[in-house]
Amino acid sequence: MIPLADGAGIDWPVTLAFNAMIFLAAFACVLVGLHPLKQFILRQERYYDLTLRGKLLLDIQPRMATYVAGAVTFVLAFIGYAATGSELGVFLGIVAGVLCPYFVIGYLRRKRLHRLESQLVSGVQTLASGVRAGLNIIQAMQLIARDGPDPIRQEFAHLLREYEYGIPLDEAMTNAAVRIGSSDYRLLFSALHTHRERGGDLGETLDRISASIREIQRLEKRIQSLTAQGRATARWLGALPLIVLLILYFLVDSQGVESLLRDDVGKAIIV
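Please read these numbers as outputs of a predicted model, since none were measured by experiment. Numbering of residues starts from 1 in each chain and follows the order in which that chain's sequence is written. For this predicted model, a pLDDT threshold of at least 70 governs which residues receive local features, and a threshold of 80 or more governs which side-chain atom pairs are given and counted, while totals over whole chains, interfaces and linings are taken from all residues. Each side-chain value is derived from all of the structure's non-hydrogen atoms; neither hydrogens nor water enter the calculation.

Trainee: I would appreciate a short explanation of helix α3 (residues 87-132) in the present structure.
Mentor: An α-helix turns once per 3.6 residues; consequently, residues spaced three or four apart project the same way. Comment: elements are numbered from the N terminus, with helices defined as DSSP H or I runs of at least four residues and strands as E runs of at least two. Take the residue count of a helix, subtract one, and multiply by 1.5 Å to get its expected span. Over its 46 residues, α3 runs 67 Å from end to end, which matches the ideal 68 Å to within 8%, given 1.5 Å per residue. Note on α3: the residue one or two positions beyond its end, G134, has a positive phi of about 100 degrees.

Trainee: Would you explain the packing of helix α5 (residues 152-164) against helix α6 (residues 169-180) in this entry?
Mentor: To obtain an axis, a line is fitted to C-alpha atoms, over the contacting stretch when the element is a helix, and the angle between two such axes runs from 0 to 180 degrees between their N-to-C directions. Between α5 and α6, the least distance of the axes is 9 Å, while the angle of their chain directions is 145 degrees. The crossing of α5 and α6 is right-handed. Taking contact as the criterion, the partners of E155, H158, L159, E162 and Y163 in α5 are, on α6, L169, A172, M173, N175, A176, R179 and I180. Polar here means any residue other than Ala, Val, Leu, Ile, Met, Phe, Trp, Tyr, Cys and Pro, which are nonpolar, and Asp, Glu, Lys and Arg, which are charged; Gly is therefore polar. Considered class by class, the residues forming the contact of α5 with α6 number 7 nonpolar, 2 polar and 3 charged. Crossing handedness is defined as follows: a turn of the near helix away from the far one that is anticlockwise and smaller than a right angle gives a left-handed crossing, while the clockwise case is right-handed. What makes two residues a contact is simply this: any of their non-hydrogen atoms within 4.5 Å.

Trainee: Please clarify how the layout of surface pockets should be interpreted in this entry.
Mentor: Where empty space is left becomes clear once a probe the size of a water molecule has been rolled over the atoms. Only protein atoms enter the 1 Å grid, on which a cavity is a set of points fitting a 1.4 Å probe that cannot get out and a pocket is an open set with protein on both sides within 12 Å along at least 5 of 7 lines, lining residues being those with an atom within 4 Å of a point. Grid points are joined across faces, edges and corners, and a volume is the space filled by probe spheres set on the points. Taken as a whole, the largest pocket encloses approximately 500 Å³ of empty space. Lining the largest pocket we find 19 residues, and of these A83, T84, L242, L245 and L261 sit closest to its centre. Of the residues that constitute the lining of the largest pocket, the class distribution is 14 nonpolar, 4 polar and 1 charged.

Trainee: For this particular structure, what's the right way to read the side chain of S182?
Mentor: Secondary-structure assignment places S182 in the loop between α6 and α7 (183-198). Assessed through its relative accessible area of 1%, S182 is described here as buried. A distance of 2.9 Å separates a polar atom in the side chain of S182 from a polar atom in the side chain of E117. The contacts of S182, once residues within four sequence positions are left out, are L113, E117 and A177. For the exposure calls, accessible area comes from a 1.4 Å probe over protein chains only, and a residue counts as buried if that area is under 20% of its type's maximum, exposed if over 50%, partly exposed in between. Nitrogen and oxygen atoms within 3.5 Å of one another constitute a polar contact, given that in protein one can donate a hydrogen and the other can accept it, and given that sequence-neighbouring residues count only through two side-chain atoms.

Trainee: What am I meant to see in the packing of α3 against α5 here?
Mentor: When two helices pack together, their arrangement is captured by the angle between the axes and the distance separating the axes. At a minimum axis distance of 9 Å, the contact between α3 and α5 shows a crossing angle of 80 degrees. Here α3 is positioned roughly perpendicular relative to α5, judged by the angle of their axes. Contacts from R112, L116, Q119, L120 and G123 in α3 reach I152, Q154 and E155 in α5. Its residues assigned to classes, the contact of α3 with α5 shows 3 nonpolar, 3 polar and 2 charged. Any angle that falls under 35 degrees is termed roughly parallel, while one over 145 is termed roughly antiparallel, one within 65 to 115 roughly perpendicular, and all others oblique.

Quick look at the structure:
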């Protein structure tokens, strides 16, 4: 509201003072929230660097991932406001934008892990063939790093790169097991570590590891097939509230659903 002088014109000193107070208050709010925002962005960039470059071995700069996440958050907030016409939609859009990178990175990690585990048996067989051909374990790993499919080729290439930079092989294998996060790979690297300490026939050891991993994966697939129906039922039950809400909006009572999204009582029910 713009103050008036005697109901005739604008009282410019009062108006300027009022606007200056608003500007100073907004500036103070920005200063107060700037440091937490910077800390949040730095934490996000460290997370992107650890996961995208450290675990997924993707050549993506953390700052670029921050820009993309910010753009996605802005778009989702705009969509939330356009869909609900209230601050609740903006808030839900911002929350979805903040959580979206975690879901995307989690999906990429699961997909990469599935491919790594599916390639492990053939990789161990390549190691065993190389050892029987007279190569040592480093040279056998170089076969996978040179001729293997992605992503197992990337993992062994990174392991050998760490070894070439002076990290002991056992430590490099431990780093690879932690980075991959698979029990099958931990089994492989633990067996190789034990063999380096105690010796023995490495080719035979690798054959036993390959057979054990193949049996473990067969049992895991069997369990997944037996529990597929229950997991599908759980997904449908989780999506049922949203499906019912869409049916109500498009087929039954669109005004009632809109009031649920716009009225304060409806917002409280959703929360």
